[in-house]
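The residues making up each chain are set out below.
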Amino acid sequence: MASRFASFASALVFGVLAGLVSAGAQDRSIVVASTTSTQDSGLFGYLLPLFKAKANIDVKVIAQGTGQALDTARRGDADVVFVHAKSQEEKFVADGFGVKRFDVMYNDFVLIGPKSDPAGIKGTKDIVAGLKAIQAKAAPFVSRGDKSGTHSAELALWKVAGVDIAATKGPWYREIGQGMGPALNTAGAMNGYVLADRGTWISFKNRGDLAIAVEGDRRLFNQYGLILVNPEKFPSVKKEFGQAFIDWLISTDGQAAIAAYQIDGQQLFFPNAEKKGS
Amino acid sequence: MSDQFSAWQLILNGDAALFAIVRLSLAVSLSAVALAAMIGMPLGALIALTRFPGRSVLVVLLNAMMGLPPVVVGLAVYLLLSRSGPLGSMGILFTPTAMIIAQTILIVPIIAALTRQTIEDLWAEYRDELTAMDVSRTGRMATLLWDARFSLLTALLAGFGRAAAEVGAVMIVGGNIDGFTRTMTTAVALETSKGNLPLAMGLGLVLVAIVLAINAAAWGTRIWSERQAG
Amino acid sequence: MRATVSDLPLVLDGVSLQVGATTILAGLSLSITPGAPTLIVGPNGSGKTSLLRLMMGLAAPTAGRVSWGGRTGSKPVRRAILFQRPVMLRRTAAANVAYALSQAGTPRNERAGRAAALLERVGLSDLGQRPARKLSGGEQQRLALARALARDPEILLLDEPTASLDPAATRGVEEIVLMAAQSGIKIVMASHDLGQVRRLAGEVMFMVRGSLRERAAAADFLDRPSTPEATAFLRGDLVI
């Protein structure tokens, strides 16, 4: 009786496993390592069905920080990376992990802060002045601290502001090592400032007392890039499907689709793929 | 806001995406429990019935491994299954299969450790009788496992509870891919990070309700079959 | 194949059992051969249970040796034992017997038939499909007898099987034991119930403090004990 049960259980498990594995083996699909901003803003939820209808290719998105997404690709675990930290992306290509980098679109960062505005920076367009004021008044500031594109952008802005954040950071500067959403949740909970991409901010539901403090500075420009992982390094890379995805995104159709994605009547991402490859 | 709906409305509306997530969560966790049972129960019984040097070290180790952090297991499986890892050629990272493997590793120690304890206690009761019947070692293991089946159900439920509740391992090896590797727990984590706290909480309650229902069903089965089998 | 191997005679040669500093059995030498039932009597703590466990091969002596049909390997071939409190497997009564049959090497296709016959033999035909653990104490002991008989034993060891049973249940068990004895199975049974000794015994082994003090035909032992301890025991005095 015991052995009959065991054979039944094993048949069940191997049936399930076989089903799942075969579903994975016969597919027309690619893995795209991307960032939380593209996923959490709902952009992929909008674009991928359009691409699927056009090319019959499933795109499986792993949403991570830019640094982690590039690491995933560096291990050969993704076919395409879709991220936003140009210098890291260029290094990725230069190191031979990626074939070629394509500009695809941009959005911008906004500095979010509590409505009470303890640093007194609300309405300014100068992000550098805003950050200096936060540091001077030691107003709470939440940093992603996760090597993401937004984190790199934040560090670069501190540098432009002439603040050596590593040396001067105090208890007011809190690195949480998490994605954009958790950073916004944390900022909301502690009445702090936080740098966020506009897409995630617009689609973020738990705003509480938060509002945009600084926006519109050209230094808040946030460029997204697309890279096919190098098939010579990783033969498992599905280069035809991956390239098809890239080609579609930078085509007139794909660019129009990016421009068409809106939340609450606001356009989140601005296509700019004309300069092909860099 | 257009999408200000709760998880309960999703259920009431029979939302297909939600049911796909629930189905995947159950398929992954139940498969992991079945696999872990096939490994952990014989392993636990073997340790219970065998005396060898270093046995107590192994028992302590096994008990400690019941507390394996899911992220650590997830990371280890990730490194193993990654294209750059030793099993990369299988190409199963970011698939439900990888999630089943990670959860299996996570709960084998739970099932093995609880089985060992149960079988050891039952062996104390059965030793003379089975020795007198000249039952072979594998026969003893099979007999004790079968006769302990009602107690072992608790071990299976403990394993299932841990598998269904963990987020760290499936997030890392599954990648939380929409419609493919998104489970209840990774969906809760995602909705939380999107600041969609009511939906996240609703999904969490759905998960708790499902785990509760499975436990109640298992308990009912136990009571009923215990009445049948004594 | 089973028929060619015998567990008789069962021979103890200078057997002692020591647990820590305590002597449980001291230098026993005896032989059990086919014949009328042997009842082992003696006060509690005299070593009856330990002696039966050694005879079954469940325990090893610290000195001396036990042999079965000339073999010293303790693998039970044609012997079986009934404990004071038998352990019922968590399955039906019939499945308990079928389990014992399968362990005794009975081919799968014969088990159901033989299990039914054995249940019949112990008077449990109607209870075959009942969970074994739901049976009464007397029924459980009879089921344990069916399991023991499933091994087709030449010798059946019984350790006070009726100690916790009421008189009706005791009679049921004794009838089966007598039937088994009549069918040629050697019975070796521990008991502290002198009435039972009178009803069942062909011969008596009287034990005190781990030693065999007297071994005699039952009638001789009961009427003309040859040691002062036996005389005291039969009179109902405490023998220490």
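Residues numbered from 1 in each chain as written. Chains lettered and ligands numbered in written order. Predicted model: local features only at pLDDT ≥ 70, side-chain atom pairs only at ≥ 80, totals over all residues. Heavy atoms only, no water.

1. Some thoughts on the domain arrangement of chain A
Note on interface size: it is often stated as the accessible area lost on association of the parts.
Residues and elements named next belong to chain A.
Then comes step 1: What the domain assignment lists for chain A is domain 1 (2-107 + 223-271) and domain 2 (108-220).
Then comes step 2: Domain 1 and domain 2 are separated by 28 Å when their C-alpha centres are compared.
Then comes step 3: Facing 15 residues of domain 1, the contacting portion of domain 2 comprises 17 residues.
Then comes step 4: Buried surface at the junction of domain 1 and domain 2, both sides included, amounts to about 1200 Å², of which 53% is carbon and sulfur.
Then comes step 5: For domain 1, the biggest contributors to the area lost against domain 2 are His-84, Asn-107 and Leu-268; these three give 34% of the whole.
Then comes step 6: Inspection of the domain 1/domain 2 interface yields zero salt bridges.
Then comes step 7: Linking domain 1 with domain 2 are four residue pairs in polar contact (both at pLDDT 80 or more).
Then comes step 8: Breaking the side of domain 1 that touches domain 2 down by element, the ones donating at least two residues are helix H2 (36-40) and helix H4 (66-74).
Then comes step 9: Of the residues that constitute the side of domain 1 that touches domain 2, the class distribution is three nonpolar, 10 polar and two charged. (Domains from an automatic or database assignment. Contact = heavy atoms within 4.5 Å. Buried area = accessible area lost by both parts, 1.4 Å probe. Salt bridge = Lys/Arg side-chain N within 4 Å of Asp/Glu carboxyl O. Polar contact = N/O pair within 3.5 Å; in protein donor to acceptor, adjacent residues only side chain to side chain. Helix = DSSP H or I, 4+ residues; strand = E, 2+ residues; numbered from the N terminus. Nonpolar A, V, L, I, M, F, W, Y, C, P; charged D, E, K, R; others polar.)

2. Considerations on the sheet that holds strand S6 (residues 155-159) of chain C
All names here are of chain C.
Then comes step 1: With mixed pairing, the six strands of this open sheet are ordered in space as S5-S6-S7-S3-S8-S9. Edge positions in the sheet fall to strand S5 (79-82) and strand S9 (211-217), since each has one partner strand and no second. Taking the axes of each pair of neighbouring strands and ignoring which way they run, one obtains an average angle of 15° across the sheet.
Then comes step 2: In terms of strand pairing, strand S3 (residues 38-41) meets strand S8 (residues 203-208) through four bridges, oriented parallel. Within the sheet, the bridge partner assigned to Thr-38 lies in S8 and is Glu-203.
Then comes step 3: Where helix H4 (residues 137-149) meets the sheet, its contacts fall on S5 and S6, and the angle it forms with S5 comes to roughly 170°. (Pairing = 2+ DSSP bridges. Axes fitted to C-alpha atoms, helices over the stretch in contact; angles between N-to-C directions.)

3. With respect to the interface of chain A and chain B
Then comes step 1: Contact with chain A, which involves 30 residues of that partner, is made by 33 residues of chain B.
Then comes step 2: Both sides of the chain A and chain B interface together cover about 2700 Å² of buried area, and 67% of this is carbon and sulfur.
Then comes step 3: Along the contact surface separating chain A from chain B lie zero salt bridges.
Then comes step 4: At the junction of chain A and chain B, the tally comes to 10 residue pairs in polar contact (both at pLDDT 80 or more).
Then comes step 5: Element by element, the count of residues in the side of chain A that touches chain B is highest for helix H1 (residues 2-25) of chain A, at eight residues.
Then comes step 6: Taken together, the residues of the side of chain A that touches chain B break down into 15 nonpolar, nine polar and six charged.

4. A closer look at the packing of aromatic side chains
All names here are of chain A.
Then comes step 1: What the rule picks out here adds up to 17 aromatic pairs over all chains.
Then comes step 2: On the basis of an interplanar angle of 85° and a centroid distance of 5.6 Å, the ring pair of Phe-44 and Phe-82 is categorised as edge-to-face. With Phe-44 in helix H3 (residues 43-55) and Phe-82 in strand S3 (residues 80-83), the pair connects residues that are 38 residues apart, well separated along the chain. Just as Phe-44 is buried, Phe-82 falls in that class too. (Phe/Tyr/Trp six-rings, centres within 6.5 Å; stacked < 30°, edge-to-face > 60°. Buried < 20%, exposed > 50% of the residue type's maximum accessible area, 1.4 Å probe, protein only.)

5. Describing the pairing of strand S9 (residues 221-229) of chain A
All names here are of chain A.
Then comes step 1: Counting buried positions along S9 yields eight of nine residues, so the element is predominantly enclosed.
Then comes step 2: With four bridges connecting them, S3 and S9 associate as antiparallel partners. Note that in S9 the partner of Val-81 across the bridge is Ile-227.
Then comes step 3: Both strand S4 (residues 98-114) and S9 contribute to a ladder of eight bridges, which runs antiparallel.

6. With respect to the interface of chain C and chain B
Then comes step 1: With 21 residues of chain C in contact, the opposing surface of chain B contributes 22 residues.
Then comes step 2: A combined buried area of about 1900 Å² lies between chain C and chain B, and 50% of that area is made up of carbon and sulfur atoms.
Then comes step 3: Counting across the chain C and chain B interface gives five salt bridges.
Then comes step 4: Residues Arg133(C) and Glu125(B) are paired through a salt bridge, measuring 3.1 Å at the closest nitrogen-oxygen approach.
Then comes step 5: Along the contact surface separating chain C from chain B lie 12 residue pairs in polar contact (both at pLDDT 80 or more).
Then comes step 6: At the level of secondary structure, the elements contributing two or more residues to the side of chain C that touches chain B comprise helix H1 (48-56) and helix H2 (93-103) of chain C.
Then comes step 7: If you tally residues by element for the side of chain C that touches chain B, the top one is H2(C), at three residues.
Then comes step 8: Here the side of chain C that touches chain B is built from residues that sort into 12 nonpolar, one polar and eight charged.

7. Describing a nonpolar patch on the surface
Then comes step 1: Judged by side-chain polarity, Phe52(B), Leu58(B), Leu61(B) and Met65(B) come together as a nonpolar surface patch covering roughly 310 Å² of accessible area.
Then comes step 2: Counting through the fold element by element, Met65(B) comes out in helix H3 (residues 55-65). (Patch = residues over 30% accessible without salt bridge, like charges linked within 9 Å, V, L, I, M, F, W, Y side chains within 5 Å. Areas by Shrake-Rupley, 256 points an atom, 1.4 Å probe, with all protein chains shown as cover.)

8. Considerations on the arrangement of the chains
Then comes step 1: Of all two pairs of chains that touch, the greatest number of contacts is found between chains A and B.
Then comes step 2: Contact between chain A and chain C is absent, and the least distance between their C-alpha atoms amounts to 10 Å.

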